[in-house]
Structure formats: structure tokens, C-alpha cells
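Here is what each chain is made of, one letter per residue.
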Amino acid sequence: MTDAQLLQQIVGGDEAALRTLMVRYDARIRYIIRPFLPDAREQEECLQDVAMTLWRKAGEYDSSKASFAAWLTVICRNAALNRARRQRAEAPLDETLTVPSAEDEVLRRERQRRLYAAVGQLQGEERQLFFRKYYYGQSTVQIAGEMGLTERGVEGRLYRLRRKLRRLMGGEDG
Amino acid sequence: MSEEKRFDLELTEQLADFDMTALPEEEQVEPTPWQHLAGKLVWGVIFSTITLNFLYLDVILPAIGMIWLVQAFRPLRRENGWLRLCHGLAWVLCAARLCTLAVQGTLLPETETFASLERPVGLVLVAVWLALYFSLWRGLLAIARRGGQEQPSAPGAAMLMVWYGALMALALAGPEQVSGLAFVLILLLYFLILRSLRKTLHFFEENGYTLQPLPSRVSDGRLTALWLAAVALAIVLALTFGTRYPMDWQLRPADEQAGQEEIIENLRTLGLPKELAADLTGEELAALAGAQRVLLGVGDTFTTDDGGKLLCRSAAIQLPGEERWVLLQHFAWVEMPRHRSTEALRITLPYEEDLPSHVPPFYAADEALLARMRLLYDKGGETFTASPALEPMTTASWFGDEYTTRCAAWSLPRQGTAARGYLLYGLYRLDDASIVTVSDYVHQQRAVYPALSARQHSASGFWEWGLDAKFRTMQYQMSFHYDHL
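Nothing here was measured: the structure is a model prediction, and the numbers come from that model.

1. Some details on the overall build of chain B
Right, on to step 1. Of the regular secondary structure elements, chain B holds 12 helices and 14 strands.
Right, on to step 2. In terms of overall dimensions, chain B is more spread out than a globule: its C-alpha atoms have a radius of gyration of 33 Å, far above the 23 Å expected for 485 residues.
Right, on to step 3. Its C-alpha atoms give chain B principal-axis dimensions of roughly 105 × 60 × 35 Å.
Right, on to step 4. When the 485 residues of chain B are sorted by exposure, 48% land in the buried category.
Right, on to step 5. In chain B, 75% of the contacts between residues at least 6 apart in sequence involve partners at least 24 apart.
Right, on to step 6. Carbon and sulfur atoms provide 59% of the accessible area of chain B, an area that totals close to 23,600 Å².
Right, on to step 7. Taking the average place of the 39 positive charges on the side chains of chain B and the average place of its 54 negative ones, the gap between the two points comes to 6 Å.

2. With respect to the overall build of chain A
Right, on to step 1. The helix and strand tally for chain A stands at nine helices and zero strands.
Right, on to step 2. Element order for chain A, N to C, with α for helix and β for strand: α-α-α-α-α-α-α-α-α.
Right, on to step 3. Looking at the 174 residues of chain A, the share that counts as buried comes to 44%.
Right, on to step 4. Counting contacts in chain A only where the partners sit at least 6 residues apart, residues at least 24 apart contribute 57% of the total.
Right, on to step 5. Roughly 9,500 Å² of accessible area belongs to chain A as shown, and the carbon and sulfur atoms make up 51% of that amount.
Right, on to step 6. Computed over 30 positive and 25 negative side-chain charges, the separation of the two mean positions in chain A equals 6 Å.

3. Points about the domain arrangement of chain A
One widely used convention gives an interface's size as the accessible area the parts lose upon coming together.
Residues and elements named next belong to chain A.
Right, on to step 1. Domain annotation of chain A identifies domain 1 (3-90) and domain 2 (102-168).
Right, on to step 2. Roughly 610 Å² is buried in total at the junction of domain 1 and domain 2, and carbon and sulfur atoms are behind 51% of that figure.
Right, on to step 3. Contact with domain 2 buries area across many residues of domain 1, yet Tyr31, Pro35 and Arg77 alone supply 69% of it, more than any other trio.
Right, on to step 4. At the junction of domain 1 with domain 2, the criterion picks out three residue pairs in polar contact (both at pLDDT 80 or more).
Right, on to step 5. Ranked by residue count, the leading element in the side of domain 1 that touches domain 2 is helix H5 (residues 68-90), at three residues.
Right, on to step 6. Along the lines of polarity and charge, the residues of the side of domain 1 that touches domain 2 split into five nonpolar, one polar and one charged.

4. Here we look at the interface of chain A and chain B
Right, on to step 1. Facing 48 residues of chain A, the contacting portion of chain B comprises 43 residues.
Right, on to step 2. Buried area between chain A and chain B, both sides added, is near 4,100 Å², and the carbon and sulfur share of it is 54%.
Right, on to step 3. On inspection of chain A and its partner chain B, the count reaches four salt bridges.
Right, on to step 4. Residue Arg85 of chain A is joined to Asp17 of chain B by a salt bridge in which the shortest nitrogen-to-oxygen separation is 3.9 Å.

5. Describing the environment of Asp354 of chain B
Right, on to step 1. Checked against the element boundaries, Asp354 of chain B lands in the loop between strand S6 (343-347) and strand S7 (363-365).
Right, on to step 2. Look at Asp354 of chain B and you get exposed, because its relative accessible area is 72%.

6. What about the sheet that holds S6 of chain B?
Residues and elements named next belong to chain B.
Right, on to step 1. Ordered in space as S10-S11-S6-S13-S14, the five strands form an open sheet in which the pairing is antiparallel. Of all strands in the sheet, those with a lone pairing partner are strand S10 (391-396) and strand S14 (471-480), marking the two edges. Within the sheet, the average angular offset between the axes of one strand and its neighbour, ignoring direction, is 30 degrees.
Right, on to step 2. Bridging between strand S13 (residues 435-444) and S14 involves 10 bridges; their strand directions are antiparallel. Note that in S14 the partner of Tyr441 across the bridge is Met474.

7. Description of the packing of helix H7 (residues 124-135) of chain A against helix H8 (residues 140-147) of chain A
Residue and element names in this part refer to chain A.
Right, on to step 1. Closest axis-to-axis distance for the H7/H8 pair is 10 Å, and the angle between their directions is 145 degrees. Pair H7 / H8 crosses with right-handed handedness. Along its contact with H7, which presents Glu125, Gln128, Leu129, Arg132 and Lys133, the element H8 presents Thr140, Ile143, Glu146 and Met147.

8. Overview of unusual backbone geometry
All names here are of chain B.
Right, on to step 1. Of note, the bond from Tyr449 into Pro450 is cis; its omega dihedral lies within 30 degrees of zero at -10 degrees.
Right, on to step 2. Along the chain, Pro450 falls in the loop between S13 and helix H12 (454-459).
Right, on to step 3. A positive phi angle, near 60 degrees, is found at Tyr56, a position not held by glycine.
Right, on to step 4. Positionally, Tyr56 belongs in the loop between helix H2 (34-49) and helix H3 (57-73).

9. Remarks on H7 of chain A
All names here are of chain A.
Right, on to step 1. Over its 12 residues, H7 extends 16 Å from the first C-alpha to the last, a length consistent with the 16 Å expected when each residue adds 1.5 Å.
Right, on to step 2. Inspection of H7 places Arg127, Gln128, Leu129, Phe130, Phe131, Arg132, Tyr134 and Tyr135 among the buried residues, and these make up the whole buried set.
Right, on to step 3. Just downstream of H7 lies Gly137, where phi reads positive at about 65 degrees.

10. Some words on the side chain of Glu343 of chain B
Residues and elements named next belong to chain B.
Right, on to step 1. You can see Glu343 is positioned in strand S6.
Right, on to step 2. Nearest to the buried, unbridged Glu343 among oppositely charged side chains is Arg244, at 7.4 Å.
Right, on to step 3. Looking at Glu343, its side chain comes within polar contact range of the side chain of Tyr441, at 2.8 Å.
Right, on to step 4. A polar atom in the side chain of Glu343 sits 2.9 Å from the side chain of His443.
Right, on to step 5. Non-local contacts of Glu343, meaning those with residues more than four positions away in its chain, are made with Trp333, Ala408, Ala409, Trp410, Leu412, Tyr441, Val442, His443, Gln444 and Ala454.

11. With respect to the domain arrangement of chain B
Residues and elements named next belong to chain B.
Right, on to step 1. In terms of domains, chain B is made up of domain 1 (16-241) and domain 2 (250-480).
Right, on to step 2. For domain 1 and domain 2, the distance between their C-alpha centres works out to 51 Å.
Right, on to step 3. Carbon and sulfur atoms supply 60% of the area that domain 1 and domain 2 bury against each other, a total of about 890 Å² over both sides.
Right, on to step 4. Looking at the side of domain 1 facing domain 2, the largest losses of area belong to Leu107, Glu110 and Leu239, adding up to 49% of the total buried there.
Right, on to step 5. Joining domain 1 to domain 2, the criterion identifies one salt bridge.
Right, on to step 6. The shortest N-O distance in the salt bridge between Glu110 and Arg455 comes to 3.6 Å.
Right, on to step 7. For the pair domain 1 and domain 2, the number of links is four residue pairs in polar contact (both at pLDDT 80 or more).
Right, on to step 8. Within the residue set of the side of domain 1 that touches domain 2, elements represented by two or more residues are helix H4 (81-104) and helix H8 (220-241).
Right, on to step 9. A total of three residues in the side of domain 1 that touches domain 2 trace back to one element, the largest contributor, which is H8.
Right, on to step 10. Among the residues making up the side of domain 1 that touches domain 2, the classes are represented as six nonpolar, four polar and one charged.

Parameters and conventions
- Numbering of residues starts from 1 in each chain and follows the order in which that chain's sequence is written.
- Just so you know, chain letters begin at A and ligand numbers begin at 1, following the order they were written in.
- Predicted model: local features are reported for residues with pLDDT of at least 70 only, side-chain atom pairs are reported and counted for 80 or more only, and whole-chain, interface and lining totals are derived from all residues.
- By convention in this description, side-chain values take in all heavy atoms of the structure and omit both hydrogens and water.
- Helix and strand definitions follow DSSP, with helices as H or I runs of at least four residues and strands as E runs of at least two, each counted in order from the N terminus.
- We compute the radius of gyration from the C-alpha atoms alone; for a globule the expected value is 2.2 Å times N to the 0.38, where N is the number of residues.
- Relative accessible area decides the class of each residue, using a 1.4 Å probe on protein chains only: under 20% of the type maximum gives buried, over 50% gives exposed, and in between gives partly exposed.
- Should any heavy atoms of two residues lie within 4.5 Å, those residues are counted as being in contact.
- To measure how exposed things are, a 1.4 Å probe is used in the Shrake-Rupley method; for residues, cover is taken only from the protein chains shown.
- Counted charges follow a simple rule, with Lys and Arg positive, Asp and Glu negative, and His plus the chain ends left uncounted.
- One atom stands in for each charge, and that atom is NZ of Lys, CZ of Arg, CG of Asp or CD of Glu.
- Where each domain begins and ends follows an automated or database-derived domain assignment.
- Note on definitions: buried area is the accessible-area loss of two parts on being combined, 1.4 Å probe, summed for both.
- Here a polar contact is taken to be a pair of N or O atoms separated by no more than 3.5 Å, where protein atoms must pair a possible hydrogen donor with a possible acceptor and residues adjacent in sequence count only if both atoms sit in side chains.
- Charged residues are taken to be Asp, Glu, Lys and Arg, nonpolar residues to be Ala, Val, Leu, Ile, Met, Phe, Trp, Tyr, Cys and Pro, and polar residues to be all remaining types, Gly included.
- Salt bridge, as used here: a side-chain nitrogen of Lys or Arg that lies within 4 Å of a carboxyl oxygen of Asp or Glu.
- The pairing criterion is simple: DSSP has to find at least two bridges between the two strands.
- Between N-to-C directions, angles cover 0 to 180 degrees, with each direction set by a line fitted to C-alpha atoms, over the stretch in contact for helices.
- A clockwise turn of the near helix away from the far one marks a right-handed crossing, whereas an anticlockwise turn of less than a right angle marks a left-handed crossing.
- A helix is expected to span 1.5 Å for every residue after the first.

Next comes the structure, spelled out in C-alpha cells:
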């Protein structure tokens, strides 16, 4: 049965279809969430989060926008990121932490806009490296193994990439 | 917190809300451990098997393909035993490729020993390739099984093994067994199989079959660069040290012609240039005792692209007895050529001409003075000599039939001057026939890869005369008309 057919069945309330989809993509889901949640117990709980999200959002999937695998990847990443954030929130608060002002928020949004524009100019290996590191949270060791690089090579490339992004964002390294 | 670390955190934070699916599909980045490996594997297989005979792509592409196969299996060597075996076999094939490329840069393939080893070594390599494809198939099955696939399959890898085995069986049966259409079908099948392999890998990629690639101490890019440098070095070393024949140069005894002064004087009086007589051995001079006549052939000078100038001369010396002649064909580098790797002299001796059965022979060999070749050069006031064998060589003619000539092959000394040599043989003239022979002196003017000797070039067919800048074929005609004999 195809992914689209299984999604249709999930929309119709078929739990078995959800289980099938979760088994089919188990390895991929774990691959995406592992960098954010190194703890095995957290990973298992995150799998439940992903299943819940799939159950709720199955009807929202639009095949014209992205492949199912890509859509699922986003769901997994967001679930893992949310869980990681909750973990951090449970940790004791930093005494020195300050609440951002409205002005800070405007500046943050402006920098975010510049960053997105800068990322749009990245190509090939740089683009892969950027998203693996900052979007998928992969470690230097993992990136090195999967991209045929040494750890030192990855660190060097990331250093150059950050300088380039600063320059593209209008920072001081220009 | 350092500025660098702060920016690092900021990038992660800023991307927290980023929606990848909002990007156009072609711009979306979906990492999997398979992406990089699948590319290396498929292109490694393609480059390793492809042969494009121009711009040295038949050397470069397979070399790159081999190292890409190593790079594809390197991070997977801990995944399972089969993939570990693949990694080892890929290195074995790499080493074999390096050896092959180095050997191709030498004159070894010209030797009989090498020719006898070629087939068994080739069969071993085919077995290694089959083992690699088999291990790949089993290795992918093991990953699929571990990933929970109920009926694990990797048809692309299995078909690749079968296809390669069938292709090698066809190659052993002889390429002539493969018609044009069959060739197209084989090629088509090959690409379908590779597509299937890519599909298998893509399936693994989509379903995220787990892999834990190992980071390496040397990056893929650096490994490729190091490997290509090793290949280039092996080829350069092979071309530098392997493209010359081992020559047994001997110091010419100062008294080699002692006691033959009278014969030399007689020959000089009859008109034989003294520098020609000066190169002969005492034994050869003794055979020329009592010479009655000396006829000189027309000399010819040839130049080569690498600055050499070759002077070819000939003489027919009549000895006492019924139409008994000695033919002397002499060549001397008046100006030494810069490139000194291989030389060859090819000739059909008058008494070995292939005549129709109804035509009686015009000449008979003088058993007392069979054809011999001698080379000489000077260095530091001394003369060194060597005697290359004048061996039969079979060549296919334009019309497809084969004919046999004699050929001597040698290398000029790296140092030294006045390199020269001669061909000497005796014959009986059985009829009132002219003595005409055409010889080809082939000089290699520059290095060739894969290595090709002047002898091999000469054997490859005379249609290449003068057209190939790597070799210079100098055709000299020794002719003595029957009116003068």
C-alpha cells in the first residue's frame, strides 16, 4: 500500500494504517530525531509525539508541496525540537536570563530575514552542511561520516561557512 | 561565551521555526546517510567499467571509479561483514588497477612471460569483481533485513553481478561473438541494472535504513587527490624506467680487428668506406678475406622530430666463389636524437622473400655468414657494443594476410655519442637477379602511454608510416641492379 493510501486511511481513523506507516518509516524517524534527543527513552517518547502529529495532521499533507518523506521529516524534526525545548525548560532557570523586549524581537526578526536570504545563496556542499548542522542538529562526527569528510574538515568548512553567512548578512566579517 | 559560539547558537535558534517544506522541492535538503554513499557507489561502478578511448579517459575514469568504490564502502565497513569484505575487495581492485596502469607504462606486456600471465591474472580479477558484487548484494540484504524489511531484496546489486559475469564470459569467448545489436542490448541492460541499483539505494534512503557511517582520518576529496597522484607517479616512474630494453653493452676490445689489417686495406682499396669497415668484428673481417668487388648503395639521411639525424648506407661485397655476396647495411646517428627509448629495424632478407611455389628462389643463404646485427656507441674514448637478436616477426598486411619479416629491437644508450650499427649477411645469387631490400628503421620520438615500443609500432601495420608523431619510420632501400652485380 502506498504512503498516500495509508494517509487517506489515517484520515478515516484507521489506526492500523498509522502503525504501518510508523513501522515503514521507523528508521528515518529515528535518524531525524536522534541528534536532538540522544537519550533512548526520550526518542521513544518522541516517536509517540510523531505518531500523534501524524494522526492529527494526516489530512493536511499536500503532495504538490513536498514528498511525504520530506513532510514527515519536518514533523519529526519539530517534534524532537519541541521535546528538546521542554527538556531545557525543565532545567533550572538561568538567573541572568532577561526577557526580550519588543525592540529585541524586531531586531531578531530582521536578522532572521537576513539569514534566510543568505541561506538562499548557499549551494551544493555548503547548503548540505548548513542544514545538517543548524537545521537537523547533526554532530560534526555524523556529518563527517556521511559526507566523506574528516571532522577537522567539517569544522573548517563550518568556520568558513559562518564567516560567509556573516558577510552575506551584513556582519562584521565582510 | 565566545562570539563564534554565540553566532553558532543564533543560527540554530533562528532556524528553529524554519519550514523546509515551504521551499521549492528542489531546494529542500533532506539528509540521509545514503545520499553521499549512493552517488559514490553508482558512479564508482560506472567509471570502473566504462572505457572511453580518448583524452586518456580510459585511464582516468576507471582510476577515479576505483577510489570512489573504496570511498563508498569505507564508511560502511562496520555495518556488516559483507560490506567490510566489499571495502577490502575494493582496495584489492585499486591495488590491481595501480599495478596494471604501471605495467602498461612499461615494455613488460611485450614479453612472453607477461603474455602467459595475462589471462590467469585477468581471471582472478574477474573473480574479485564478482566477489565484490556478490558481497554488495549480500551486504544490502543484511541492511534491509536489519531495517525490518519482510522480504529483503536488492535486485540491482544481484543483477549487476550476473550481468558482469555474463559479460566476462562473452569476453572470454571472444569479442567477435558480440554483434552490434547485442552490444547495444548489453549497454542498455547495464544502464537498467544501474538504475535498479540506484532505486534500491533510494528506497533505503527514503525509508531511512539506519547506517552509522564512520568518519575517516582522510577526507574523500583528499583520498581521491592522493590516489590520482599515486597513479600519476606510478605512470611517470613506469615511463621513465620501464620503457627501455635491458641492453647488454660490452666494452669493445681495442684489439678486436688485430691481424685483419690486410683485409681492411683490401676492402678500402675496393671502395668500402673505412668507417664502415672499422665497425666490423675481426671474425666478420676474416669472412671478407679475398673480397673481389665492393659495390656501394645509395646513402640516405633522415631527420627525426627529436633532433636526430640518421645516415643509412649499404655495400655489397663479392667474395671469391660462385656469385657469393656479403650485404652490409650500416646506419649511424650523425646527430643523436634526444628521446632514447626504443628503436627497431625491420627487414625481409632477400633469401627469405615469400615467393609463389612455382617461382624458383633467386638467392640462398650463406650458412657461413648468417644474418647478424651489431650496435656500437662511443663514450669517454671507448666503444661499447651489443648484438640484438634478429627475430622473425609476423605482421598482418593491408589485405588481411600475414607475412613474416625479421626485426631487431633495442634501446639507444642514455649517454654516449655516435650510436651506430649494421646488419650483415651472406648470400648466394642463384639467378641473374638484382638484390633489393627495403628496411624500416623505426625510432621512438617521444614517450607513449600505454607504452608502445618501436617494434610494436612497426608490427601494427605500415599504414601508420609518417603519420604518427610518436614514431619515425625511416625507410631505406638497398638496391644493387643485376647489371652491376
